[in-house]
Amino acid sequence: MTTFTNPNEDTRIAQGSQVALHFSVSLENGIEIDNTRSYPEPVSLVIGDGNLLEGFENALIGLRAGDRRTVHLPPEDAFGPWNPENVQSFDTVQFVKAGDTTPEIGTMMEFQDKGGGTLAGVVKAVNDDKVEVDFNHPLAGRNVVFEVEIAKVTPAGVSGVKLG
């Protein structure tokens, strides 16, 4: 059975709401990291489903269709603090044995983790015997600016929005 609702100004974002929105994420200096405004349709997500960082979701709670918000998020509410324990050194010879050339600083590489998954790291330093790789998120430790415009809000448990 499909349940429909008529959206109105009281339809506000809450846990479980389906939300259609446009957003951008920038560094405090104005450098844009991501932007959905060029997409033909707003992106859609469910609040609490894990597809959006918790700090970004919290900024959406209580908003309704047509609302715009700009939020300045510290690292702990965005991509997390930079953790020095996520920087690891590898013997340069490990890259040569694998058939790779010695990596260059700034190169993003994929590594296999203990569970068999892949983990991205950025080469931070290279010398004759060691290669230093940073496995922190590239935006870890950075303050970000999250700008959002809400296009549509469908309450939790409702399958569709009746228009007109």
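Check the entry above for the structure.
Criteria and cut-off values
Residues numbered from 1 in each chain as written. Predicted model: local features only at pLDDT ≥ 70, side-chain atom pairs only at ≥ 80, totals over all residues. Heavy atoms only, no water. Helix = DSSP H or I, 4+ residues; strand = E, 2+ residues; numbered from the N terminus. Buried < 20%, exposed > 50% of the residue type's maximum accessible area, 1.4 Å probe, protein only. Areas by Shrake-Rupley, 256 points an atom, 1.4 Å probe, with all protein chains shown as cover. Core = buried A, V, L, I, M, F, W, Y, C linked by side-chain atoms within 4.5 Å. Contact = heavy atoms within 4.5 Å. 1 Å grid on protein atoms, 1.4 Å probe; cavity = no way out; pocket = protein on both sides within 12 Å on 5 of 7 lines; lining within 4 Å. Points joined across faces, edges and corners; volume = space filled by probe spheres on them. Nonpolar A, V, L, I, M, F, W, Y, C, P; charged D, E, K, R; others polar. Polar contact = N/O pair within 3.5 Å; in protein donor to acceptor, adjacent residues only side chain to side chain. Salt bridge = Lys/Arg side-chain N within 4 Å of Asp/Glu carboxyl O. Pairing = 2+ DSSP bridges. Axes fitted to C-alpha atoms, helices over the stretch in contact; angles between N-to-C directions.

Asks: So what's going on with the overall build of the protein? Residues and values would help.
Replies: Looking only at helices and strands, the protein features 2 helices and 11 strands. When the helices and strands of the protein are listed from N to C terminus, the series reads β-β-β-β-α-β-β-α-β-β-β-β-β. Looking at the protein as a whole, 33% of its 164 residues qualify as buried. For the protein, the exposed area adds up to about 10300 Å²; of that, 48% sits on carbon and sulfur atoms.

Asks: Before we move on, can you summarise the environment of P84 with the specific residues and values?
Replies: Mapped onto the elements, P84 comes out in the loop between β5 (68-73) and β6 (87-91). For P84 and N136, which are 52 residues apart along the polypeptide, the C-alpha to C-alpha distance reads 8.4 Å.

Asks: How would you summarise the nonpolar core if you had to cite specific residues and measurements?
Replies: One finds I13, L21, L60, F146, V148 and I150 to be the most contacted residues of the largest nonpolar core, which totals 22 residues. Elements represented by at least two residues in this core include exactly β2 (18-27), α1 (54-60), β5 and β10 (144-154). Excluding anything up to four places from it in sequence, V148 contacts L21, H22, F23, R37, L60, L63, D67, R68 and R69. Counting residues in hydrophobic clusters, the runner-up holds 8 residues, among them F95, M109, F111 and V133.

Asks: Residue-level account of the layout of surface pockets, with values.
Replies: Here the largest pocket is characterised by a volume of approximately 180 Å³. The wall of the largest pocket is formed by 14 residues, among which F23, V25, D34, L52 and F56 lie closest to the centre. Listed by contribution, the elements that provide at least two residues to the lining of the largest pocket are β2, β3 (32-35) and β4 (43-46). The residue inventory of the lining of the largest pocket, partitioned by class, reads 11 nonpolar, 2 polar and 1 charged.

Asks: So what about the side chain of T92? Which residues, and what values?
Replies: By secondary structure assignment, the location of T92 is in helix α2 (residues 92-97). Here the side chain of T92 touches N127 through a polar contact of 3.3 Å, landing on its backbone oxygen. For T92, the residues in contact, after removing those within four places along its chain, are T102, N127, D128, D129, K130 and V131.

Asks: Go over the pattern of salt bridges with me, naming the residues and quoting the values.
Replies: For the structure on display, the rule yields 3 salt bridges. When the shortest N-O distance is used, the salt bridge between R64 and D67 registers 4.0 Å. With a closest N to O distance of 2.7 Å, D91 and K130 form a salt bridge. In this pair, D91 is assigned in strand β6 and K130 in strand β9 (residues 130-134), connecting sequence segments 39 residues apart. K130 sits in the partly exposed class, given a relative accessible area of 37%.

Asks: So what's going on with the sheet that holds strand β8 (residues 118-126)? Which residues, and what values?
Replies: Judged by pairing direction, the sheet is antiparallel, and its 4 strands sit side by side in the order β6-β9-β8-β7 without closing on themselves. The outermost strands of the open sheet, each flanked by one partner alone, are β6 and β7 (108-112). Strand-to-strand twist in this sheet, taken as the mean axis angle between neighbours without regard to direction, amounts to 45°. Two strands pair when backbone bridges link them, and β8 and β9 are joined in this way by 4 bridges, in the antiparallel orientation.

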